[in-house]
Every structure is written in structure tokens, then in C-alpha cells.
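Spelled out from the first residue to the last, the chains are:
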Amino acid sequence: MDIKQKKEEDYSKEVEEMTKLRQDSLRWVRAYYGDGLLNRAKYRGIQVRTNTGLSVQQEQALKEMDKLVNAKVKKLAQATNPSVTLTKYEEDYAKKKGISIMSGKGTGKTLTMGLIANKLLTTLFDCHIVATANTEAQLKNVFWSEFKDMAYLAKKVSNDPNEHETLITKFFEIQSDKVFYKDEKYPKWFMEAVVSREQAAGEQTQHAATSGRHAKYLVFLIDEGSHIRDAVFKDFEDTMTGAVNFMIIIFNPKKGTGYAKRTQYENKQDWITLRWNAEESEIVVNKELHKKMENDYGGKNSNPYRISVLGLPPLTDEDTLFPADWIEDAKIRELVYNDNDPLIKGFDVGGGSDPSVIGSRRGGNVRDFGFMINKESDSNKVVQWARTNFIKDEADAMVGDVGNLGWHVIGSLRNELGWRIVSYDSRNKARMDDLYVNKRSEAYFHLRELFQNKMISIPDDEELTNELLAIKIDENKIKRAIIGKKEIRKTLGGESTNKADVLAMMFSVDDDDFRKVPNSYQDEDDDYACAGAISRNKMTGY
């Protein structure tokens, strides 16, 4: 056998092996990682039931991806070779738009996507992959980080301890937002990170960022897909004009509507659908957390348990004050505030086991500021903490609850800081007394309008989310009202709506009452010369 013939034979064997690895993801995992993933699982105290180191659910996803890719590749081959035939089963898979995985928390969603990205890059010749997520932090800090971990965890190409190249990094250059095949003959063989922002600069910008990508082998990997706008998914669909084009969507179903949710229900005929129940995942080691959540939130059919554990979308009842979809949309909404917008704080004074909580906002933007927590029981120390927080942040106003133990704390702050400390008593008569039972109900229904009209952004805070979901409309009252605090505590496993109360308080005052006056209208020593003349706030009545 001459050298040329030997090279051709070796190349033929290499192509045959790569075809087998493309067709069988579990074979690829064993070839590229050996016991690496298994050892990783053991190190983390995870007892998987497989010999790859993956959970049964993760292996199932890889097997379904194999069926999808193999059917589409075979369909592509049929276009140039009519003798290639597909079974009815393969024909059905070849038509699918992709795979949709709806999952509870902690099941290894992002690891799965990182592994899939590496597998497709190394086995789908000359492919173009677009990786996206709802936020830049999710894409770069979570997905991209997991992808790199999987690339560097692969087998080393050499036993030399000074050699760090792996079977993946040897052939692919990994950058901060792009991965490409090192051979310049294949400039279209790469993966790119594209952020799909909710509100960034309107649909036109999103369209420009995510459309126009056409390739024979084109894949969209979508992490946390429930937060991606329908318009972005439409761009993906319009771009998938090639034979081997598909999406893989993975998401925790925090929203009861949207494109991702519809892939599991109304449009499931177009998708390979999987649901990962965290109760059944070997990766979730501490199942006691599930039991605690079940007890705390009133059973497995409560929205927190459905979303976080069962991997099911929230139920929305007619008495829901804040639908889950509104809450989730507010978490990813980007609201731009003006420098002239006052910094308004809300202050819920703790007592007993309840902590004290301070929140901040400018305009409708709470997301960029979040909440501060203090578990101190000494009221004088709480006063000092709140005063320091107010002065340090150069706040324009603080709305504080004077109910129960709050009267001393808020009174002390008002004596020191003056009229910018606004007293709020949820038990008092509502300003619009003909419509609302009390001030508390009035403030919460006003907050509901902000969510409904997309005028608020909030942090991705699980406590706040669960508190908002627990607040219901009391339909037994003639006037508009929300259910009592005791009933809410029961839903929250004995906890109070501390952060939600702060949120309602912050928006119970009018910004114009605390807006700094332009320089031409100011007194020499008073930034609030005109604003201070307004003696009573429109919402609070104080």
C-alpha cells in the first residue's frame, strides 16, 4: 500500500468515525470526555444512574437531538440522491422546528446547552450556531461560561502535563462572544453569542441583531427562552430556510404565555417536547428543599412549586392581582430614567422575626436598585441604618410604614430629616375612599396598574416574586380590596410580604412632589424650593 492510498484510507476511517459520533451523542460524550463528566458528578455529590455522568433527562435530550439531526441530514441527502429513503418516523422528525425543554430549577439546563453546543460544533461540518438568552448576564456569565467549561473538560490531546489543548480547543478558537474553527478555509464554521434584549431599542434593533443568518447547517440555542420576545423567535423561524436548520429552546416556565410556552402546548406538533420534573432529576441532590417548598406554599399545585420544581407554567386565577407573566416581563424590562427623576425609597420596618427592608427606585426603575435587608431588632439601630442609607444614597424621599413598630422609627427619621420622610399607614382610609377599602388596597391596585401598563421594572428576586403571586383580590368586599395579611402569610409559609409592601409604598407617592427644581427656580440653599410647597401627596394624603 503506497502512502497516498494509506492517507485516503485513514481519512475514510476518520470520516466514518465522525459520522458515527454525529449520529450518536452518547458515543461522542464517551469519546470526548471519557470519565470526565462522571467524575465531575461524583465530586459534586451527584449519584447519576448513567455511565456518562449525565442525568437520565440530559441523556434523553441528547438522544432526541440525534433523531432530529439525523433525520434532517438524511432529508438533505435525499435532495441529491433520490435512492435515499426516510421512514415515516424520520419524515416527521425532519419537519420539526426543533426541541423544546421545559424544566424545573436545578436540573442542569445550562450544562446541557453547553454540552450540546460543543457536540454540534465538533460533529456538524461547517455549521453556524447562534447562542442567545434573555439577558447579557445569562448569556455571557452562565451559558458561555458553561460552554467553555465543557470545552476545557474534554480529553487532552496529549499526556504531556504542560500541554493543555483538548480535543475541542485544539480545533476551535474560543473568544468572549465567538467560537470559530481554526482552519481559515471554513470561515462560516463558528458559534456566536447574540443577546436578545426585551426592551433594549425596539423590535427593529432586535430584528437586525438576530435575522439575516442563512446557512445549510444553522442552529439556534436559546437559554431561558420564556423571556425571549415572540418577534425574536419569528426572526429565527424566517431565517431557518436550510435543510438542517433548527432551534433548541430550554426554559423554566415562569410565564404562562409566549412563544416558548406555546411550543409545549398549542404548537407542540411542530416540536420535540420534553419536560424535566426536578423531583425526578438525579442532579437535584437536596430533595428536602422540595418538601419545604411544598409545605411553605400550600402544596404541589401552588405556582412557586409548579414553576420551580415540576417545570410547569403558572396557573392564573381570576383573583390574581399580579399575573406571573406581568411579573416576569417586569424583570427583564429596561426602563430608562432621567437624572432629574427623584430617588424614592420605601421602608418596611421589621418586628419580631420580620426583617426591616428598604427599596429604591427612580421613575419606574426598581431593577437597577433592588432591596436592602436588616435583621436588627433594636429600633434605635434600625433608625441609624435607615438614616445612613438615606443620606449615603442622597435620596429625595422615603416612604415608611408607621403601623405597629414603625411609628417610632419613622417618627425619629422625620424629626431628623424633615418632610422628605413620608408617613404611610396601610390601615388608613384610602384617598379614593369610594373605590378602595383602605390605603393598602389602593396602593396595591395602583402598583397593579404599573405592571399592567409596563411602567415598572423589578429585580429578579424570588422572594419578591412569590410575595406578589401570593397577593389576591378579595372578591367578597364591595369596594376594591386585597386579601388580609394573615391569609397571605399562610400562602407564604408564615412569611410576610416585606418586599412587596416596600414596592407598593415606593409607588404610592408622586415623583413631582420630590423632583428637584431646575437651578433657575431654586432658592440659594434649597433644591426643593418649589416642590416643598406641596404640603400633601396625591396618593398618601400626607
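Everything below is about the structure shown above.
Reading the values: rules and limits
- Residues numbered from 1 in each chain as written.
- Predicted model: local features only at pLDDT ≥ 70, side-chain atom pairs only at ≥ 80, totals over all residues.
- Heavy atoms only, no water.
- Pairing = 2+ DSSP bridges.
- Helix = DSSP H or I, 4+ residues; strand = E, 2+ residues; numbered from the N terminus.
- Axes fitted to C-alpha atoms, helices over the stretch in contact; angles between N-to-C directions.
- Contact = heavy atoms within 4.5 Å.
- Buried < 20%, exposed > 50% of the residue type's maximum accessible area, 1.4 Å probe, protein only.

A. Geometry of the sheet that holds strand β10 (residues 356-362). Ordered in space as β11-β10-β9-β12-β13, the five strands form an open sheet in which the pairing is mixed. Each edge of the sheet is formed by a strand with only one pairing partner; in this case those strands are β11 (371-374) and β13 (421-424). Strand-to-strand, the axes of this sheet are offset by a mean angle of 20°, without reference to chain direction. Pairing geometry for β10 and β11, over four bridges, is antiparallel. Looking across to β11, one finds that Val357 is bridged to Ile373. Across the sheet, helix α19 (residues 498-506) is in contact with β9 (343-348), β10, β11, β12 (397-401) and β13; its angle to β9 comes to roughly 140°.

B. Examining the environment of Tyr265 more closely. Secondary-structure assignment places Tyr265 in the loop between α10 (259-264) and β8 (271-276). The exposure class of Tyr265 is partly exposed, given its relative accessible area of 35%. Leave out the neighbours within four places in its chain, and Tyr265 touches Met102, Leu312 and Pro313.

C. Spatial organisation of the environment of Phe369. Considering the arrangement of structural elements, one finds Phe369 in the loop between β10 and β11. With relative accessibility at 30%, the residue Phe369 sits in the partly exposed group. The spacing of Phe369 and Pro459 is 90 residues in sequence and 8.0 Å in space, taken between C-alpha atoms. In contact with Phe369, other than residues within four places in its own chain, are Tyr337, Leu343, Ser360, Arg361 and Arg362.

D. Local environment of the pairing of β9. For β9, a buried count of six out of six residues is recorded, marking the element as mostly surrounded by other parts of the structure. Of the two faces of β9, both are covered, the one formed by Leu343, Lys345 and Phe347 as well as the one formed by Ile344, Gly346 and Asp348. Alignment of β9 against β12, held across four bridges, turns out to be parallel. Note on β12: the bridge partner recorded for Phe347 is Gly400.

E. How the structure looks around the sheet that holds strand β4 (residues 178-181). Across the sheet, which stays open at both edges, the eight strands sit in the order β3-β4-β5-β2-β6-β7-β1-β8 with mixed pairing between neighbours. In this open sheet, the two strands that pair with only one neighbour each are β3 (172-174) and β8. When the angles between neighbouring strand axes are averaged without regard to direction, this sheet yields 15°. Sheet topology places strand β2 (residues 128-133) next to strand β6 (residues 217-223); six bridges connect them, and they run parallel. Paired with Ala131 across the two strands is Leu221, which belongs to β6. Sitting on the sheet, helix α4 (residues 56-80) is in contact with β1 (98-103), β6, β7 (244-251) and β8, with an inclination near 175° to β8.

By themselves, these figures tell us nothing about what the structure is for.
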